[in-house]
Amino acid sequence: MNISEKFIVNLQRQEDRVILAGLSADGKISWQRTKKELLEQTYHWIGALKSYGINKGDRVILSLGKSPSLFPLHIALLAVGAIIVPLNPALTSIEIQQVLNKAESRLAITKPEILTNSPHLVNSISGSWWVDCLTATNLEKCVEFNNVLSNSSPVTEICPIDKEDIALLVFTSGTTGKPKGVGITHNSLISNLETLLISTWNFSEQDSLLHALPPHHIHGLGLGIYGSLLAGNSCFLLEKFEPLTVLSAITEYKISLFMGVPTMYHRMLSIEGDFDLSSIRLFISGSAPLSKETFSQFNTQFGFTILERYGLTETLFNASNPLNKVRKAGTVGLPLSGVDICIVDPQTLIPVKENSIGEIWVKGENVFSGYYKDPENTSLAFHNGWFRTGDLGQFDSDGYLSIVGRIKELIIVGGSNVTPGEIETVLEKNPLVLECAVTSIPDIDLGEKIVACIVTNDKTDTKALEDNLKVACQEQLAAYKRPKQYCFVQSLPRNAMGKLERNKLKDSLTKSTT
Ligand code: AMP
């Protein structure tokens, strides 16, 4: 089934209901749409896309930020069977060029503000917000948006979809190496989102989501935008995350759902004030590890138990803490129905003994079929039909999964394996440690030397803090796991999703010591 049919059926009920609003950075409503308006715009866009010759399977790059055309354009592109390539305007021009080359798209749709604010994008795509990528080798402006829209008539026809047809081609963040294209089918999106949002979290038309995530990543797009359209909940698109705005907007608009990355929750903890959060049903976290400290401090300060879940662009969503049973700190919960998870020794490729650490492998309808036109990376990523996530994990005796790190982040000290996460857990217990990251630099003797990078307050006596952290590590970690060097930094390098860019940290430390 074409996922846009599901979205359109929801929009056809109670047509006069306002379902979508745009909030400026200060939390004020800057525009809003009823279901009827969204439907009319969608049909108009379908007509425009068809008159422009966009057909099933054509790749179309979309970089619109949180503009009013975002929802109708997504639905219309899906309806004509196009493959949407969401593009992060913050990528460098080299990364954008790599995406453009790989995707071989028919069309790039963006808007003037994005082109003006992102010089990188301007260098890669010329000065129009409707650009034909096929006929113009230098990506020249072909058709002005207004001409196309005003000359087209509304069309309601929806392109039929087969099981293997791709809806989204998402290029993974590319913080390490070249971006790889992940093709996600209509089928995977429908089954995985219905399982997670509707069966597991009970999303419904009564809910309202405050959306503060970027709209081009699988978290903000797949879960936030497609999830809302599928569940029929209303959605407030916040232009930019600000912790104070989020807390005030929850109070003002009686929000029931918030999805964030751990950094957002961490930043909300620094906001003091009296907020009425009684409308909230769920605070959800994902995309990066939520520390046990943030989990418990959030509970103490705001009275909510954050629900953590786990997913990847390649697999959509794999596990979630339960809605009505215990949500365990430091875990991503239980495997979703229809998702098989196996923990495997990455060297022997044999499943590990019960409750041991190993690589997380995933199988199910939710898993993509391979990287776009990239057989080499595809064959590296799969083994006997299982997708190798590259994440290290462990089940506890109740079947809850914990993510303990990434295989590539594994530090090997004199032949012994150490995961940064186990050291970070010890360091984070000290209240003066606001954030920390453990990595390694080359060491002649042991191969790698463990370094802990700490963010603390300006007023902290860093020498005393370092001494305290050393004592804590002595008490709680085997000698080979203890950091040999501490460095105090203003902030840690993170990408737009709040994911720590450990490679950048490692590179800068290695450079500064050589
Ligand atoms: P992406 O494809 O950009 O969504 O990144 C997927 C990666 O994010 C996973 O392989 C994990 O390393 C990480 N990730 C996602 N959710 C979590 C979580 N709840 N806890 C820890 N890491 C996570």
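Numbering of residues begins from 1 in every chain and follows the order in which that chain's sequence is written. The predicted nature of this model means local features are confined to residues of pLDDT at least 70 and side-chain atom pairs, given and counted, to a pLDDT of 80 or more, with totals for whole chains, interfaces and linings taken over all residues. Side-chain measures were taken over the full set of non-hydrogen atoms in the model, leaving aside hydrogen atoms and water.

## Quick word on the overall build of the protein
To keep things clear, this is the line we draw: Strands here are runs of E lasting at least two residues and helices are runs of H or I lasting at least four, both read from the DSSP assignment and numbered beginning at the N terminus. Classification of residues uses two cut-offs on accessible area relative to the type maximum, computed with a 1.4 Å probe and protein chains only: under 20% is buried, over 50% is exposed, and between them is partly exposed. Between two residues, a contact is recorded if the distance between any of their heavy atoms is within 4.5 Å. To measure how exposed things are, a 1.4 Å probe is used in the Shrake-Rupley method; for residues, cover is taken only from the protein chains shown.
A count of helices and strands for the protein gives 16 helices and 25 strands. C-alpha atoms of the protein, sized along the principal axes, occupy 70 × 50 × 45 Å. In the protein, buried positions account for 56% of the 514 residues. In the protein, once contacts between residues fewer than 6 apart in sequence are set aside, the share between residues at least 24 apart is 66%. Per element, the accessible surface of the protein, about 22000 Å² overall, is 50% carbon and sulfur.

## Remarks on the site of the ligand
Where we set the bar: It suffices for a single heavy atom of a residue to lie within 4 Å of a molecule or strand for the residue to be listed as near it. By the criterion applied in these results, polar contacts are pairs of N or O atoms within 3.5 Å in which, for protein atoms, one can donate a hydrogen and the other can accept it, and in which residues neighboring in sequence qualify only through two side-chain atoms. Note that Gly is not counted as nonpolar here; it falls among the polar residues with everything else outside the nonpolar set of Ala, Val, Leu, Ile, Met, Phe, Trp, Tyr, Cys and Pro and the charged set of Asp, Glu, Lys and Arg.
His217, Arg309, Thr313, Asp391 and Lys499 are the nearest of the 15 residues found near the ligand. Between the ligand and Ser287 there is a distance of 3.1 Å, counted from a nitrogen atom to a backbone nitrogen or oxygen. Relative to its free-state accessible area of 500 Å², the ligand is covered by the protein chains to the extent of 90%. Only strand E13 (307–312) and strand E20 (401–406) provide two or more residues apiece to the shell around the ligand. Looking at the shell around the ligand, its residues break down into 6 nonpolar, 4 polar and 5 charged.

## Quick notes on the layout of surface pockets
The criterion, for reference: Using protein atoms alone on a 1 Å grid, points that fit a 1.4 Å probe yet trap it form a cavity, whereas open point sets bounded by protein on both sides within 12 Å along at least five of seven lines form a pocket; residues with an atom within 4 Å of a point count as lining. Grid points are joined across faces, edges and corners, and a volume is the space filled by probe spheres set on the points.
The space that makes up the second largest pocket amounts to roughly 900 Å³. Residue composition of the lining of the second largest pocket, grouped by class: 21 nonpolar, 13 polar and 7 charged.

## Digging into the sheet that holds E13
Worth spelling out the cut-off: Two strands form a pair only when DSSP identifies at least two bridges running between them. All axes here are fitted lines through C-alpha atoms, helices being fitted over the stretch that makes contact, and every angle between N-to-C directions spans 0 to 180 degrees.
What the 9 strands build is an open sheet, ordered E2-E1-E10-E9-E11-E12-E13-E14-E15; its pairing is mixed. The open sheet is flanked by strand E2 (29–34) and strand E15 (334–335), the only strands paired with a single partner. Across 2 bridges, strand E12 (residues 282–285) lies against E13 in parallel orientation. Residue pairing in the sheet places Ser285 in a bridge with Glu308 of E13. Its contacts with the sheet put helix H2 (residues 35–51) on strand E1 (18–23) and E2, and the angle it makes with E2 is roughly 80°. The strands touched by helix H8 (residues 186–200) within the sheet are strand E11 (257–260) and strand E14 (316–320), with E14 carrying the most contacts at an inclination of about 30°.

## As for the nonpolar core
Condition: Definition of nonpolar core: a set of buried residues of the types Ala, Val, Leu, Ile, Met, Phe, Trp, Tyr and Cys, connected through side-chain atoms within 4.5 Å.
With 111 residues, the main nonpolar core has Leu210, Tyr226, Phe258, Met268 and Phe283 as its most contacted residues. Not counting chain neighbours up to four residues away, the residues in contact with Met268 comprise Phe241, Pro243, Val246, Leu247, Phe258, Phe283, Phe298, Gln301 and Phe302. Among the nonpolar cores identified, the runner-up in size contains 18 residues, and Leu427, Ile454, Leu465 and Leu477 belong to it.

## Describing the confidence of the model for the protein
How we decide: In predicted models, pLDDT denotes the confidence assigned by the predictor to each residue on a 0 to 100 scale.
When pLDDT is averaged across the protein, the result is 89; 91% of the residues are at 70 or more. In the predicted structure, residues 132–144 sits below a pLDDT of 50 and forms 30 contacts with residues beyond four places in sequence or in another chain.

## Some points on the state of the cysteines
Counted only if it meets this: The disulfide criterion is simple: two cysteine sulfur atoms within 2.5 Å.
This structure, assessed with the given rule, holds 0 disulfides. Between Cys436, a cysteine without a disulfide, and Cys453, which holds the nearest cysteine sulfur, the sulfur-to-sulfur distance is 9.1 Å.

## Quick word on the pairing of strand E17 (residues 358–364)
Counting buried positions along E17 gives 5 out of 7 residues, so the element sits mostly inside the fold. Relative to E17, strand E16 (residues 339–344) runs antiparallel, the two sharing 6 bridges. Directly across from Cys342, in E17, lies its bridge partner Trp361. As defined by bridge partners, E17 adjoins strand E19 (residues 386–395) across 4 bridges and the pair is classed as antiparallel. Bridge pairing in E19 links Glu359 to Leu392.

## Digging into the pattern of salt bridges
Quick note on the threshold: One side-chain nitrogen of Lys or Arg within 4 Å of one carboxyl oxygen of Asp or Glu is enough to make a salt bridge.
Per the stated rule, a full pass over the model turns up 22 salt bridges. A salt bridge links Glu104 to Lys373; its shortest N-O distance comes to 2.6 Å. Of the two residues, Glu104 is situated in the loop between helix H4 (93–103) and strand E5 (107–110) and Lys373 in the loop between E17 and helix H13 (375–381); the sequence distance between them amounts to 269 residues. Residues joined by salt bridges that share partners form a network here, namely Lys56, Asp162 and Asp165.

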